[in-house]
Amino acid sequence: MTDTDYKHLIKKGATGAPLLVTLHGTGGDENQFFTFASQLRPDATVLSPRGDVSEHGAARFFRRTGEGVYDMADLARGTQKLADFVRKTAETVGASEIFGFGFSNGANILANVLVEFPDLFDRAALLHPLIPFQPKPAQGLTGRRILVTAGERDPICPTPLTIALADYFTAQGATTQLAWHNGGHDIRENEIEAMRTLFA
């Protein structure tokens, strides 16, 4: 494995089908959503990388200095690396489109890829993201489909920041959906149904 690659799982899909990228949360790994992604979109090529940063043994996609405080230089590094890895894989498998979803830390890195490389993902689901900074304008998001999901009682992701992120994507021209449940930092059935619709 070179420093441009991740430890990962991949399942080749049908010719011309989308590439579906799954991004785990802190402490997860490449197995967390791998099987689930195939259930969401059986014909897709599924790519599940493992975050290359260890936080006390928990895998992440970029470093942080505290809860909700990001190492912005490492976020930039991780964002570039993930974008390069996804683009290279999509070209290798001949994917027609690129879809992605991430949970928690995986949602955060995916959100930043959408900002920095707005031409890369055609559809993306951000499950319980936390973006505690104002993203730069990204006009290339026009026409992209983005789902943001959140829990009304999520102690990690404050409601105003979730709404601000969804509003940001809408302002950039993306077709944005915001789906809530009444719980916390956990994935519920309504989120899964919204993802099924997004990736159908």
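Source: prediction; values computed, not measured.

## Let's talk about the sheet that holds strand β11 (residues 175-181)
Inference 1: Read from one edge of the open sheet, seven strands run β1-β3-β2-β8-β9-β10-β11, paired in mixed fashion. Both outer strands of the open sheet, β1 (8-11) and β11, are each paired with one neighbouring strand and no more. On average, adjacent strands in this sheet sit at an angle of 10 degrees to one another, irrespective of strand direction.
Inference 2: Pairing analysis gives five bridges linking strand β9 (residues 123-127) to strand β10 (residues 145-151), with the strands arranged parallel. Of the residues in β10, the one forming a bridge with R123 is R145.
Inference 3: Its contacts with the sheet place helix α4 (residues 159-171) against β9, β10 and β11, and it is angled at close to 160 degrees to β11.

## Thoughts on the side chain of T22
Inference 1: Within the secondary structure layout, T22 lies in strand β2 (residues 19-23).
Inference 2: Residue classification places T22 among the buried residues on the basis of a relative accessible area of 3%.

## A short note on the environment of K88
Inference 1: Tracing the chain through its elements places K88 in helix α2 (residues 72-93).
Inference 2: Sequence-wise, K88 and S104 are 16 residues apart; in three dimensions their C-alpha atoms are separated by 24 Å.
Inference 3: Aside from chain neighbours lying at most four places away, what touches K88 is T4 and D5.

## So, the pairing of strand β8 (residues 98-103)
Inference 1: With six of its six residues buried, β8 lies for the most part within the structure.
Inference 2: Both faces of β8 are covered, namely the face carrying I98, G100 and G102 and the face carrying F99, F101 and F103.
Inference 3: Across five bridges, the pairing between β8 and β9 is parallel. Within the sheet, the bridge partner assigned to G102 lies in β9 and is L126.
Inference 4: A crossover links β8 with its parallel partner β9, the connecting element being helix α3 (residues 105-116), and its sense is right-handed.

## A look at the nonpolar core
Inference 1: Formed by 39 residues in total, the largest nonpolar core has its most connected members in F121, L126 and F169.
Inference 2: Counting 20 residues, the second largest nonpolar core, distinct from the first, contains F34, A44, F101 and F199.

## Looking at the environment of V53
Inference 1: For V53, the location among the structural elements is in strand β4 (residues 53-55).
Inference 2: Through-space distance from the C-alpha of V53 to that of I163 is 28 Å; in sequence the pair is 110 residues apart.
Inference 3: The residues contacting V53, other than those within four sequence positions of it, are A58, A59, R60, F61, F62, R63, D74 and R77.

## Remarks on the pattern of salt bridges
Inference 1: Taken as a whole and judged by the stated rule, the model has 14 salt bridges.
Inference 2: In this structure, the salt-bridge partner of R60 is E55, at a minimum N-O distance of 3.9 Å.
Inference 3: Under the relative-accessibility criterion, R60 is labelled buried at 2%.

## Observations concerning the packing of aromatic side chains
Inference 1: One pass over the full model with this rule turns up nine aromatic pairs.
Inference 2: Each ring, one from F36 and one from F101, has its centre 5.8 Å from the other, and the planes form 85 degrees; the classification is edge-to-face. Pair noted here: F36 is in helix α1 (residues 34-40) and F101 is in strand β8, with a separation of 65 residues, a long-range link.
Inference 3: Residue F101 is classed as buried on the basis of its relative accessible area, which comes to 0%.

## Overview of the pairing of β10
Inference 1: For β10, the tally of buried residues reaches six of seven residues, placing the bulk of the element in the interior.
Inference 2: In this structure, β10 lies alongside β11, joined through seven bridges in parallel fashion. Bridging across to β11, I146 finds its partner in T176.

## So, unusual backbone geometry
Inference 1: Non-glycine residue S104 carries a positive phi angle of around 60 degrees.
Inference 2: Note on S104: relative accessible area 13%, which makes it buried.
Inference 3: The backbone of H128 sits at a positive phi, close to 55 degrees, despite the residue not being glycine.
Inference 4: Position of H128 among the secondary structure elements: in the loop between β9 and β10.
Inference 5: H128 sits in the buried class, given a relative accessible area of 1%.

Quick notes on the rules
- Residues numbered from 1 in each chain as written.
- Predicted model: local features only at pLDDT ≥ 70, side-chain atom pairs only at ≥ 80, totals over all residues.
- Heavy atoms only, no water.
- Pairing = 2+ DSSP bridges.
- Helix = DSSP H or I, 4+ residues; strand = E, 2+ residues; numbered from the N terminus.
- Axes fitted to C-alpha atoms, helices over the stretch in contact; angles between N-to-C directions.
- Contact = heavy atoms within 4.5 Å.
- Buried < 20%, exposed > 50% of the residue type's maximum accessible area, 1.4 Å probe, protein only.
- Right-handed = clockwise from strand over helix to strand, strands pointing away.
- Core = buried A, V, L, I, M, F, W, Y, C linked by side-chain atoms within 4.5 Å.
- Salt bridge = Lys/Arg side-chain N within 4 Å of Asp/Glu carboxyl O.
- Phe/Tyr/Trp six-rings, centres within 6.5 Å; stacked < 30°, edge-to-face > 60°.

Purely spatial values, then, with no claim about function.
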